[in-house]
Each structure stands twice: as structure tokens, then as C-alpha cells.
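Each chain is listed here by its residues.
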2 protein chains.
Amino acid sequence: MRREMEEMIRAQQAQICAAVADLDGSAFTVDDWQRDADGEHGGGGTTCVLQEGKIFEKAGVGVSVVTGTLSPEAAAAMGGGQGLDNARQSNRAFFAAGLSLVLHPHHPMAPTVHANYRYFERGPAEKPVAWWFGGGADLTPSYLFEQDARHFHGLHRATCDAHDPAFYPRFKQWCDRYFYLPHRGERRGIGGIFFDDLHDRPPAELLAFVRDCAATLVPAYLPLVRRRQQLPFSAAQKAWQQLRRGRYVEFNLVYDRGTLFGLKTAGRVESILMSLPLTARWEYQAAILPGSPEAELLEAVRNPRDWA
Amino acid sequence: MRREMEEMIRAQQAQICAAVADLDGSAFTVDDWQRDADGEHGGGGTTCVLQEGKIFEKAGVGVSVVTGTLSPEAAAAMGGGQGLDNARQSNRAFFAAGLSLVLHPHHPMAPTVHANYRYFERGPAEKPVAWWFGGGADLTPSYLFEQDARHFHGLHRATCDAHDPAFYPRFKQWCDRYFYLPHRGERRGIGGIFFDDLHDRPPAELLAFVRDCAATLVPAYLPLVRRRQQLPFSAAQKAWQQLRRGRYVEFNLVYDRGTLFGLKTAGRVESILMSLPLTARWEYQAAILPGSPEAELLEAVRNPRDWA
């Protein structure tokens, strides 16, 4: 499964980067990196970034395949290994393989997208004591286009339904719960799907599900960018996008478990913070006119709707 | 002491705002706000903000004077009340009065400054079971000017020395420890002073110390802005400032105890996040040339020096 997951996410990385580079007309820079193999930590990854492209302000698509031994505290915080005795060092060994991507377009009418698919094992490679899949994809527009929300959710629902009709309703709600900023009373965006600790059917079935989800990204997202980047926009609309980028930063730095876990366990900072937008803005008490398109977006992130 | 502290911080707020507004040639907007008095929380504050001024991108100077009852977890996390039995509800009552300010100039050669001075009580108003002062001031340049660092530290050292020669060395080190981003191996800036849980001498003496510190801000900082805003600068230098603003956001959202405490206890978000810069930037693997002024700044935030 370790090898199959790595092959799958590397293939998806190549396909997604090719589609994004084709739309942008720019090439990704590719960084292969390795963790210092100090006996405790091994593995590495490939980070592909396209910065200040024609269409994308910042697009990052990363693969990481790492092994190591967690501290008892980190093992307890990691999840997935419920019921494991974290005092046993062999139980704290882990393997993690993941694909993660964030695409931030320049155009304020084109949404940001994030996706992440990962596979974990705990325990020795030859005899894992726990394994699970996690992941999801979610859309963060600065302006709400219902057609786009229905398209993105609809394609993810179709992918889920092909595997289990119970998946989409559950994972859609999970997504709305997870990407929540309590101090703002807002979700980061208009959601998508999110799941974790998935291990309730044969691993090959879950790998196929996660692969299909990853393959949904390009058809679910790129058409929205193609469509919206044709629209005219004003400086005020660009400033609103920058404020929403600020909310994105707030979520990732204050609440996102993956980001905080990475920063606090000495992960590769450049890859972890690849998710942050190139530019962001914080105004004191930015004024939102009732009934404006900005207020409409706020309403959608405050009260999640059914889109599919 | 509650009343004296409030009078002091309101007077300092007025003086600092007047000096900043005079330099900028713009007026602050003034927001008086109150907490919902639901029996658990009371008080309010005054937040003064100058946004997109001539010299300051964002300048915020806030006073808050609040009372409430902490949860047992929040009480344990708050500090200052060492040895208090947090299971007793009367011990979890608190009073907090503070002045906090962050000034972000537009010009990349002019540093950002932050300062915060606060007084806490735990227990009933008529008979507090604990009290303490905390605070400090620290400088965050994007480019290092040794003359500026010596001036800022020198004036704060003089203020400290007038109260206790042991203060500055201790509070300077405390500042370097506190404003640290472990995931970057960098301090937020080049430091200043920081202290907390100060209650080892009569409260009137500590109030006088904290007042003198607050009064040091204008002479320690504004001359640096006046001096540096005359310099020419390039688009690349402005972009470097924006990257350093990104580090500022990282520190405040990932590590700053006051910010996280505020966000997680449903404080007034606009006042808490007033400290964030108007604009910030995150590049993937920004290139720094060895020996450049940017590398010199990095060296100074990686290896704190004695400036006074």
C-alpha cells in the first residue's frame, strides 16, 4: 500500500501540474527534497510551485512521503491511532504519504482551491498496527457564483456516490465543520468534502476512492477559473479578495491541524507554508454594504448551504 | 490601582496618538466599544486606528479595561495566578487593563514597533487574591540600521535603569526569548524589553515603571521613522518588507499568547487583530543573496545582539 499510494499521488501531481501549467502558460519549478535521515526521520518529497504566473498568483502542488518516530505527545495528537499504546516506541513509528495543493488565482472572481489526500500507517513497516486515509477538497471564492459552487460540489458528490452514497453527505458536513474560524463565525470558503481516519473497508477500495477524488480536482476546478477570469473587475474587488486571503491565512495559521503539526514538529517550512497566498490584507473594520456581493459571500460562509 | 492604571493608559493613548497623528498629518478614527455585559463579562475599551495614512500603512493604539470570570482551563493558562486554586470560582474572576499598540509604516526602511502594557487582578475587586504587571516594547525593522537599534534599546535601557539596573538585562533577554518563531529559527525583530508576572515590589512603584516605559515609546520610535522615510527605496525592497510582514503575521497568529487567548475566548476580533499589518506576502523560497542587506537583517533576527 505504501508503494501504491506513492505511485498514485505522484501520478496525480504530474497530471494536475500539467493541466495548471497548460492553463497558465507558465512552468512549475520543481523541488525534490529529502529529510535529514537522522535515524528518527526519513523520506522526502517533491514540491512544485508556480508563482506570479499569468493566471495564478501562487500555485503549489506537493507530494511528501515521510517516515519517523513521533514523540508520545505528537502520537497522541496525531489521531488515527485510537486505542494504540503510545508509550510503546514501536507504536509511535509512522509512515505518511500525501498529496496537497493550493491554487490561488490573481483574478478576484476566480476562486482559490485546496485539496489534500493522505495515507498514514503507525507501527513497523512489516506489520503496521494502524492505517488510515484522509483528505478532501474545498473551494474558497471571494465572490459567490452559485453555478460554480454547484459544479464543484456536484462533481465531488458524483465521485463520492460512485463509491458509497453515504460518503458525500457525511464528508460535506465534515468539511463545513473543519474549515471553521470560530473567532469570525465564518467558514474559510464554501466547502467541499473532508474526511479523516477512514479505515472501515479494504485499503485497496479506499485507495481507489482517494485516487478518484484527486482526479476530480481538475475537472471540478479549472473550468471555474477559465470562466471567471474573463470578467472585468475593480480595484475595490481586488482589495476584497485580499481581505479574504487574510482570512485564509488566519485559518491556516490558527486552526489547520496539518499546518500546526508541521510547524511544531520541524517539518519543511517552505512546503508547509506553500499553502499561504502570495499576498494578503487586514483592514480594521472593513465596511461591507448590506445586499452587496461581498455581503452575499459572507452569508454563504456563515451559513453553509447544500450545493449538490 | 484599577482606576490609576486606567487613567495612566488612557493618558498615554492620547499622547501617543497625538504624536503619531502629528507626524502622519492624518487623524485616528476612534472606536469606543463595550463588551456584552452578560454577568460574566464586562468593561470595554477604546480602539484608535489610522489606516492608509501618509506615513503609516496601519497604526493602532488600543486601551481595554475588562472584567470577567475565566473558565478553569483559561485561568490555568493565563499565568500570573501561580498557586491559586482555579477550582474556586471567586479565584477565577479577573480584571485586566492594558494599552497596546502596533505601528506599521509604509516605508520599508522605517521599522514597525509594538508595545503593550497591562495590569491584571484575580479574585474579587474588594480583595484581589493576585495582581501583576506585564508588558514591553519591541522593534521590527525590515532593514537593519544599527543606529536605530541602539537608539531604541538605549532609551528603554535608560528607563529601566532608573527603576532597577537589573531590569533591562533581564527584560531584554526575555524579549528575545518571547518573540521567537521556532519554525523559522528567527525572532520577529530585533527585540526591546518584555516582562510578565511582575509583582515583587509595591504596585505604585510598578505602575510608575510601566508608565515610564509607555512614555518612552514616542521618543524611542518616532525619530527612526522621521529619519528613514527620507531614504529612496526600490520595488524589491518594498517586496522584502512585505515578506517580513508575513513573518509578523506568522508570529502573531501561531505563537502570540495574547492574540490566541483573545481569539479563543471570544474577545473583540477587530481589536485583537488590529496588530496585523495592512498587507503581507508569502513567497515560496524567496532568494536571499549572501552579504546583502536582507541577509544582514536575517543574521540580526537569528542571533540577537546587545544593543545598549
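Above this note sits the structure.
First, a word on what this report is: a plain description of the structure on this page.

About the cut-offs
Residue indices follow the written sequence of each chain, beginning from 1 at its first position. The lettering of chains begins at A and the numbering of ligands begins at 1, in the order of writing. The model is predicted, so local features are restricted to residues of pLDDT at least 70 and side-chain atom pairs to those at 80 or more, both for listing and for counting; the totals for chains, interfaces and linings are taken over all residues. Where side-chain values are given, they derive from all heavy atoms of the structure, hydrogens and water being excluded. A run of DSSP states H or I qualifies as a helix once it reaches four residues; a run of E qualifies as a strand once it reaches two. Both are numbered from the N-terminal end. Every radius of gyration here is taken over C-alpha atoms, with the globule rule written as 2.2 Å times N^0.38, N being the number of residues. Partly exposed describes any residue whose relative accessible area lies between the buried limit of under 20% and the exposed limit of over 50%, with all areas from a 1.4 Å probe on protein chains only and scaled to the type maximum. Whether two residues are in contact is decided by their heavy atoms, any of which lying within 4.5 Å being enough. Charged-residue counts in this description rest on Lys and Arg as positive and Asp and Glu as negative, His and the chain ends being excluded. A charged residue contributes its charge at one atom only: NZ of Lys, CZ of Arg, CG of Asp or CD of Glu. The directions from the helix axis to the C-beta atoms form the arc being described. Following DSSP output, two strands are said to pair if at least two bridges run between them. Here's the idea: put two parts together, see how much 1.4 Å probe accessible area each one loses, and the total over both is what we call buried area. We define a salt bridge as a contact between a side-chain nitrogen of Lys or Arg and a carboxyl oxygen of Asp or Glu at a distance within 4 Å. Three categories are distinguished: nonpolar for Ala, Val, Leu, Ile, Met, Phe, Trp, Tyr, Cys and Pro, charged for Asp, Glu, Lys and Arg, and polar for the others, with Gly belonging to the last. A residue counts toward the fit only if its pLDDT is at least 70 in both copies, and the copies are then superposed by least squares on the C-alpha atoms of those residues. Stacked, edge-to-face and tilted are the three classes for Phe, Tyr and Trp ring pairs, Trp counted by its six-membered ring, which pair at centre distances within 6.5 Å; planes under 30 degrees apart are stacked, over 60 edge-to-face, the rest tilted. Think of it as a cone above the ring: NZ of Lys or CZ of Arg counts as a charge over the ring if it is within 6 Å of the ring centre and within 35 degrees of the ring normal. Axis angles are defined between N-to-C directions and span 0 to 180 degrees, where every axis is a line fitted to C-alpha atoms and, for a helix, only to the segment in contact. In these notes the angle categories are as follows: under 35 degrees is roughly parallel, over 145 is roughly antiparallel, 65 to 115 is roughly perpendicular, and the rest is oblique. Here a crossing is called left-handed whenever its near helix is offset anticlockwise from the far helix by less than a right angle, and right-handed whenever the offset is clockwise.

1. Section: the overall build of chain A
Phase 1 of the analysis: Helices and strands together make up the secondary structure of chain A, namely 10 helices and 10 strands.
Phase 2 of the analysis: Since a compact globule built from 308 residues should have a radius of gyration of about 19 Å, the 19 Å found for chain A is in line with a globular shape.
Phase 3 of the analysis: Taken along its principal axes, the extent of the C-alpha atoms in chain A is 55 × 40 × 35 Å.
Phase 4 of the analysis: Out of the 308 residues belonging to chain A, those deemed buried represent 57%.
Phase 5 of the analysis: Contacts spanning at least 24 positions in sequence make up 71% of the contacts within chain A whose residues lie at least 6 apart.
Phase 6 of the analysis: Here chain A contributes 34 positively and 36 negatively charged side chains, and the mean placements of these two sets differ by 3 Å.

2. What about helix H8 (residues 257-264) of chain B?
Phase 1 of the analysis: Those residues of H8 of chain B that fall on the buried side of the exposure criterion are Thr259, Leu260, Gly262 and Leu263 of chain B. Here the buried residues of H8 of chain B occupy an arc of 160° about the axis, which is enough to place them on one side.
Phase 2 of the analysis: The inward-facing, buried residues of H8 of chain B abut helix H7 (235-255) of chain A together with helix H7 (235-255) and helix H9 (269-272) of chain B.
Phase 3 of the analysis: A positive phi of about 60° marks Ala266 of chain B, the residue just after H8 of chain B.

3. Describing the pairing of strand E2 (residues 41-51) of chain A
Residue and element names in this part refer to chain A.
Phase 1 of the analysis: Along E2, eight of the 11 residues are buried, which leaves the element largely enclosed by surrounding structure.
Phase 2 of the analysis: As paired strands, strand E1 (residues 29-34) and E2 are joined by six bridges and run antiparallel to one another. Note that in E2 the partner of Val30 across the bridge is Cys48.
Phase 3 of the analysis: In this sheet, strand E3 (residues 56-69) lies alongside E2 in antiparallel orientation, the contact comprising 11 bridges. Residue pairing in the sheet places His41 in a bridge with Gly68 of E3.
Phase 4 of the analysis: With antiparallel pairing between neighbouring strands as the criterion, E2 and E3 make up a hairpin whose turn holds four residues, including Glu52 at a positive phi of roughly 55°.

4. Observations concerning the interface of chain A and chain B
Phase 1 of the analysis: On the chain B side, the residues contacting the 31 residues of chain A number 31 residues.
Phase 2 of the analysis: Together chain A and chain B conceal approximately 2,900 Å² of surface at their shared face, both sides included; 56% is due to carbon and sulfur atoms.
Phase 3 of the analysis: Contact with chain B buries surface across chain A, with Glu270, Trp282 and Tyr284 of chain A losing the most and accounting together for 28% of the total.
Phase 4 of the analysis: Seen at the junction of chain A and chain B, the total is four salt bridges.
Phase 5 of the analysis: Two residues, Arg281 of chain A and Glu52 of chain B, come together in a salt bridge whose shortest N-O distance is 3.0 Å.
Phase 6 of the analysis: Sort the elements by how many residues they give to the side of chain A that touches chain B and H7 of chain A lands first, with five residues.
Phase 7 of the analysis: Its residues assigned to classes, the side of chain A that touches chain B shows 15 nonpolar, six polar and 10 charged.
Phase 8 of the analysis: Of the strand pairs in this sheet, strand E10 (residues 279-281) of chain A and strand E10 (residues 279-281) of chain B are connected by three bridges, and their pairing is antiparallel. Residue pairing in the sheet places Ala280 of chain A in a bridge with Ala280 of chain B of E10 of chain B.

5. What about the environment of Thr46 of chain B?
Residues and elements named next belong to chain B.
Phase 1 of the analysis: By secondary structure assignment, the location of Thr46 is in strand E2 (residues 41-51).
Phase 2 of the analysis: Residue class for Thr46 comes out buried when judged on its relative accessible area of 6%.
Phase 3 of the analysis: Sequence separation between Thr46 and Leu297 is 251 residues; the distance between their C-alpha atoms is 35 Å.
Phase 4 of the analysis: Among all residues touching Thr46, those that are not within four sequence positions of it are Arg10, Gln13, Val30, Asp31, Asp32, Trp33, Val61, Gly62 and Val63.

6. Details of the relation of the copies chain A and chain B
Phase 1 of the analysis: It takes a turn of 180° to lay chain A on chain B, together with a shift of 0.0 Å along the axis; the resulting RMSD is 0.0 Å. The two molecules are tied by a two-fold rotation axis, judged by turn and shift.
Phase 2 of the analysis: Of all interface residues in chain A, 100% are interface residues in chain B too; the two copies therefore contact each other through one and the same surface.

7. A word on the packing of aromatic side chains
Phase 1 of the analysis: Per the counting criterion, the structure on display carries 36 aromatic pairs over all chains.
Phase 2 of the analysis: Between the aromatic rings of Phe179 of chain B and Phe194 of chain B, the centroid separation amounts to 5.8 Å while the plane-to-plane angle is 90°, which identifies the pairing as edge-to-face. Of this pair, Phe179 of chain B sits in the loop between helix H5 (167-178) and strand E7 (180-181) while Phe194 of chain B sits in strand E9 (residues 192-198); the two residues are 15 residues apart in sequence, bridging distant segments of the chain. Taken as a pair, Phe179 of chain B and Phe194 of chain B share a single burial class, namely buried.
Phase 3 of the analysis: Clustering of aromatic rings is evident, with ring pairs tying together Tyr117, Phe167, Phe171, Trp174, Tyr178, Phe179, Phe194, Phe195, Phe209, Phe251 and Tyr255 of chain A.
Phase 4 of the analysis: Between Arg228 of chain A and the ring centre of Phe145 of chain A, over which it is positioned, the NZ or CZ distance is 3.9 Å.

8. Notes on the packing of helix H4 (residues 146-163) of chain B against helix H6 (residues 203-228) of chain B
Residue and element names in this part refer to chain B.
Phase 1 of the analysis: Packing of H4 against H6 brings their axes to within 9 Å, and their N-to-C directions diverge by 165°. Taken together, the axis directions place H4 and H6 in an arrangement best described as roughly antiparallel. The crossing of H4 and H6 is right-handed. Facing H4, whose interface residues are Gln147, Asp148, His151, Phe152, Leu155, His156, Thr159, Cys160 and His163, H6 presents Glu205, Ala208, Phe209, Asp212, Cys213, Thr216, Pro219, Ala220, Pro223, Leu224, Arg227 and Arg228.
Phase 2 of the analysis: Of the residues that constitute the contact of H4 with H6, the class distribution is 10 nonpolar, six polar and five charged.

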